[in-house]
Amino acid sequence: MSSPMETEQNPPTDQNGAASQHSPPPPLPPEDKVLVPIEVCLKPSSTVSIHDVRSAIEGMLEKRSLSYNGGPIPVPLDEPFLADNVQRICVCDAGEGMQNDNVLLFWQVKPVVHVFQLSEEGPCEDISSDGQSSSFNEWILPAKEFDGMWESLIYESGLKQRLLRYAASALLFTEKAVDPFLVSWNRIILLHGPPGTGKTSLCKALAQKLSIRFNSRYTQAQLVEVNAHSLFSKWFSESGKLVAKLFQKIQEMVEEESNLVFVLIDEVESLAAARKAALSGSEPSDSIRVVNALLTQMDKLKSSPNVIILTTSNITAAIDIAFVDRADIKAYVGPPTLQARYEILRSCLQELMRTGILTSFEDCKNTVLPNYASAKQRMNAPNFHEATTSMQLCKQLVETAEACEGMSGRSLRKLPFLAHAALANPFDCNPIKFLSSMVDTAKRERSELPD
Ligand SMILES: Nc1ncnc2c1ncn2[C@@H]1O[C@H](COP(=O)(O)OP(=O)(O)OP(=O)(O)O)[C@@H](O)[C@H]1O
């Protein structure tokens, strides 16, 4: 593998290090340059200012006029300030700026540097008065727990980009004080779809991303995770108090205008269920008061510019219509497509090879499996043959992904573990044998899915 970064003098290379056929294009005019975010994570021990690191990284990118073909950029060891303080440098969403056989030429794009440090504080849990379920969790963002989550979620059709751009526009409109009577927008996102498709994770990952991308405007960010179900306490009289307590806390957070607050309400369909049950008389009317209190509090929060409300639901039809109306973005998150299944399984396999669980052929640790598009391209090439282990593996990986049709992202991420546990000899684990075991396990899992 070539290094992810090459100097401009070197011809651009593709992901396998082959020289590009094209000559480098001339620099673009500044207004045509695509913005490419560069995320720079500081070491936990670092105490330097984000400002200083940003300037040093910008200087580094300018000085070296680099090109890039995937993976993290190595921290420059010849620059002690960066080497001492920076843990990693990642180029994000480079897709649009990539040209010439997937090479990103830094002098063709406008890098936007975001420097951050992960919070290691962990969640702060609030135990509800029944002493059992907690009514909300709170994290300081960006949190160590959510590091890498955004990258691990795989969707087609630009869903992640759409959400990121939507939230960025919503924050910009608010910051620029656009008159809401003339242009109307909310900062409420609803993700709905079947269980296990990554809705909750996507909300958390989105909050983490935004806390990094907007940290020059908002110096602090927090995520409050509310389980809607737990708000309907079995002690009915307590429910109203729980909602009041929760929103009082959120109000305190948003009063500090340098604070960006994300409120995640999971299982929002339980609001509708409670209202319906109350109307049919099977639940005390207290439930309906809780739903109404929640909606009123959400409306109140709308006037605060620094809040984004993220909600999820498994059952679209059951969501309270009053709530659906409030959400600006209603995105359906479905089960992974063939390509997404391939990519999820590829990342699993890659991890098992990195950690040495899968072994038995030389250089297993350093093998890089091709992505779906290049795997298909190579398999369809007239001179394709399965002689190389990597090609044999990716052909089998495509077959495994095909066998997993209908499975959720959550089940797919569990599949490698189940397949490993089913092996007769788990200590001599050949990736080819392992993939056969995955197909068998997938068939078994699918046969056990409810109709
Ligand atoms: N599209 C995906 N790409 C990668 N991983 C996924 C995907 N979908 C789900 N997963 C995996 O499944 C796990 C569970 O997802 P999560 O709990 O966020 O789903 P959910 O849709 O909120 O489920 P539920 O509705 O049952 O609460 C995630 O942490 C992730 O590892």
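Residues numbered from 1 in each chain as written. Predicted model: local features only at pLDDT ≥ 70, side-chain atom pairs only at ≥ 80, totals over all residues. Heavy atoms only, no water.

1. Topic: the overall build of the protein chain
Right, on to step 1. Of the regular secondary structure elements, the protein chain holds 15 helices and 14 strands.
Right, on to step 2. A burial count over the protein chain gives 49% of its 451 residues as buried.
Right, on to step 3. Contacts in the protein chain between residues far apart in sequence, at least 24 positions, make up 76% of those at least 6 positions apart.
Right, on to step 4. Accessible surface, the protein chain: about 22,100 Å² in total, of which carbon and sulfur atoms supply 53%. (Helix = DSSP H or I, 4+ residues; strand = E, 2+ residues; numbered from the N terminus. Buried < 20%, exposed > 50% of the residue type's maximum accessible area, 1.4 Å probe, protein only. Contact = heavy atoms within 4.5 Å. Areas by Shrake-Rupley, 256 points an atom, 1.4 Å probe, with all protein chains shown as cover.)

2. Considering the pattern of salt bridges
Right, on to step 1. Following the criterion strictly, the structure yields nine salt bridges and no others.
Right, on to step 2. Glu-39 is the salt-bridge partner of Arg-213, the closest N and O atoms lying 3.0 Å from each other. You can see Arg-213 sitting in helix α5 (residues 199-213) and its partner Glu-39 sitting in strand β2 (residues 34-42), a full 174 residues away along the chain. The burial state of Arg-213 is the same as that of Glu-39; both residues are buried.
Right, on to step 3. Put simply, Lys-395 and Glu-399 hold a salt bridge, and the shortest N to O gap is 3.3 Å. Within this pair, Lys-395 and its partner Glu-399 are both found in helix α13 (residues 389-403), separated by four residues, close to a single helical turn.
Right, on to step 4. Note on Lys-395: relative accessible area 24%, which makes it partly exposed. (Salt bridge = Lys/Arg side-chain N within 4 Å of Asp/Glu carboxyl O.)

3. Some thoughts on empty space enclosed by the protein
Right, on to step 1. Using the criterion set out here, one finds one cavity of 30 Å³ or more in the structure.
Right, on to step 2. Computed from the structure, the largest cavity encloses a volume of approximately 40 Å³.
Right, on to step 3. Around the largest cavity, the lining residues are Arg-187, Ile-188, Met-298, Leu-301, Lys-302, Val-307 and Ile-309.
Right, on to step 4. When contributions to the lining of the largest cavity are tallied by element, the ones reaching two or more residues are α9 (286-301) and β13 (307-313).
Right, on to step 5. Residue classes in the lining of the largest cavity are distributed as five nonpolar, no polar and two charged. (1 Å grid on protein atoms, 1.4 Å probe; cavity = no way out; pocket = protein on both sides within 12 Å on 5 of 7 lines; lining within 4 Å. Points joined across faces, edges and corners; volume = space filled by probe spheres on them. Nonpolar A, V, L, I, M, F, W, Y, C, P; charged D, E, K, R; others polar.)

From the geometry alone we can't say anything about function, so treat these as descriptive.
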